[in-house]
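So the chains spell out like this:
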Amino acid sequence: MTQEKRLWKVRSAKRILDTPYLKVRREEVELPEGIIVPDYYIIENRGWVGIVPYTEDGYFLLNTQYKHGIGLEVVEFPAGGIDEGEDDPVQAAHRELMEESGYSTDRMELLAHMLANPSGAVTRIWWYLAYNVRKTGAQKIDPVEVIENRLVTPGELLELIHSGEFAVQGQIAAAYMALERLGFLKATL
C-alpha cells in the first residue's frame with residue numbers, strides 16, 4: 001500500500017481549546033478503509049527544544065524540577081517551548097539554557113530532531129548539544145518553575161538513566177546521542 005493510500009482524510013476540523021499554552025483541535029477523519037472517526041483530538045503547539053549542556057571540564061548540567069502532570073520531581077536536561085517570534089529553534093535553545101540555569105555557550109549544534117506523540121500531537125523537538133557551557137548569569141525561570149541545577153559526570157548520567165532517576169524518554173535518547181557524539185559511547189553494528 002502506498003503512503004498516499006494510508007493517509008487519513010480530514011472531513012472537518014474545529015479548534016476546541018485555544019490558550020497561549022495549549023491548543024487542541026477536534027477532527028472528524030476518514031480512514032483508508034472508509035471508517036469514520038468523529039472525534040480525533042490533536043494537541044497543537046510550536047514545538048520545543050532540549051539542550052544537553054556539557055561543560056569544558058567534562059560535566060553534564062541537569063535540572064531537578066517538579067512536574068505537576070505526573071506529580072513528581074524529575075531529573076532532566078534544560079528544555080522548553082518555542083516562543084512566538086522565535087523562528088529558529090536554536091534561538092529558543094539559547095534562551096531556555098540561560099533561563100533555566102544561568103549558563104550559556106558560544107557553541108551549540110543540532111543533536112537530533114524528534115517527534116513527541118505523533119498520534120495525538122503536532123509536537124516537534126529539536127535537541128542541541130551545547131559545548132563548553134559556563135555560568136554567565138542568574139536563572140530567569142517562570143514563576144511556576146522551581147529548578148535546581150546540578151553537574152554530573154558522564155558515568156553518573158548513565159547511572160541516573162539505569163537507576164530510573166533520569167526517566168523522561170526523549171531525554172534518555174538525547175543523553176545517549178550526546179554520550180556517543182562526545183566519544184563516551186561507541187555504536188557498533
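Provided above is the structure to which this section pertains.
All values reported here derive from a predicted model rather than from experimental measurement.

Colleague: Could you clarify how one ought to interpret the overall build of the protein chain in this entry?
Modeller: Along its length, the protein chain carries 4 helices and 11 strands. Its C-alpha atoms give the protein chain principal-axis dimensions of roughly 60 × 45 × 30 Å. Taken over 189 residues, the protein chain has a buried fraction of 39%. A separation threshold of at least 6 residues defines the contact pool for the protein chain, and within that pool the share at least 24 residues apart is 57%. For the protein chain, the computed accessible surface area is about 11,400 Å², with 53% contributed by carbon and sulfur atoms. Put simply, the protein chain has 20 plus and 29 minus side-chain charges, and the middle of one group is 6 Å from the middle of the other.

Colleague: Sorry, what's going on with the packing of aromatic side chains here?
Modeller: Two aromatic rings, taken as a pair, are described by how far apart their centres are and by the angle between their planes. This model, assessed by the stated rule, comprises 7 aromatic pairs. With a centroid separation of 5.2 Å and 85° between ring planes, the pair formed by Trp8 and Tyr40 is classed as edge-to-face. Here Trp8, found in the loop between helix H1 (3–6) and strand E1 (9–18), pairs with Tyr40, found in strand E3 (residues 36–44); they are 32 residues apart in sequence, far enough to count as distant. Residue class for Trp8 comes out partly exposed when judged on its relative accessible area of 41%. Residue Tyr40 is classed as partly exposed on the basis of its relative accessible area, which comes to 22%. Members of the aromatic cluster, each reached through a chain of ring pairs, are Trp48, Tyr54, Phe60, Phe77, Trp127, Phe166 and Phe184.

Colleague: Sorry, what's going on with the pairing of E3 here?
Modeller: Side chains on a regular strand alternate between the two faces of the sheet. When strand E2 (residues 23–30) meets E3, the two strands line up antiparallel, connected through 7 bridges. Note that in E3 the partner of Val24 across the bridge is Ile43. In textbook terms, the turn of a hairpin is the stretch between consecutive antiparallel strands, and for E2 and E3 this stretch comprises 5 residues, one of which, Gly34, has a positive phi near 95°. Relative to strand E10 (residues 121–135), E3 runs parallel, the two sharing 2 bridges.

Colleague: In this structure, what is going on with the pairing of E10? I would like to understand it.
Modeller: With 7 bridges connecting them, strand E4 (residues 48–55) and E10 associate as parallel partners. Paired with Thr55 across the bridge in E10 is Val133. Note that strand E8 (residues 103–104) and E10 share 2 bridges and pair antiparallel. Opposite Ser104, over in E10, you have Arg134 as the bridge partner. Where strand E9 (residues 107–116) and E10 come together, 9 bridges link them in antiparallel fashion. Bridge pairing links Met114 to Ile125 in E10. What sits between E9 and E10 in their antiparallel hairpin is a turn of 4 residues, with Asn117 showing a positive phi close to 50°.

Colleague: Sorry, what's going on with the pattern of salt bridges here?
Modeller: In total, this model carries 17 salt bridges according to the counting rule given. In this structure, the salt-bridge partner of Glu28 is Arg11, at a minimum N-O distance of 2.8 Å. Taken together, the residues span a long stretch of sequence, with Glu28 in strand E2 and Arg11 in strand E1 at a distance of 17 residues. Two residues, Glu96 and Arg95, come together in a salt bridge whose shortest N-O distance is 2.8 Å. The exposure class of Glu96 is buried, given its relative accessible area of 7%. Taking relative accessible area as the criterion, Arg95 reaches 18% and is therefore assigned buried. What emerges from the salt-bridge pattern is a single network uniting Arg15, Asp18, Lys23, Arg25, Glu27 and Glu44.

Calculation rules
- Residues numbered from 1 in each chain as written.
- Predicted model: local features only at pLDDT ≥ 70, side-chain atom pairs only at ≥ 80, totals over all residues.
- Heavy atoms only, no water.
- Helix = DSSP H or I, 4+ residues; strand = E, 2+ residues; numbered from the N terminus.
- Buried < 20%, exposed > 50% of the residue type's maximum accessible area, 1.4 Å probe, protein only.
- Contact = heavy atoms within 4.5 Å.
- Areas by Shrake-Rupley, 256 points an atom, 1.4 Å probe, with all protein chains shown as cover.
- Lys, Arg positive; Asp, Glu negative; His and termini not counted.
- Charge placed at Lys NZ, Arg CZ, Asp CG, Glu CD.
- Phe/Tyr/Trp six-rings, centres within 6.5 Å; stacked < 30°, edge-to-face > 60°.
- Pairing = 2+ DSSP bridges.
- Salt bridge = Lys/Arg side-chain N within 4 Å of Asp/Glu carboxyl O.

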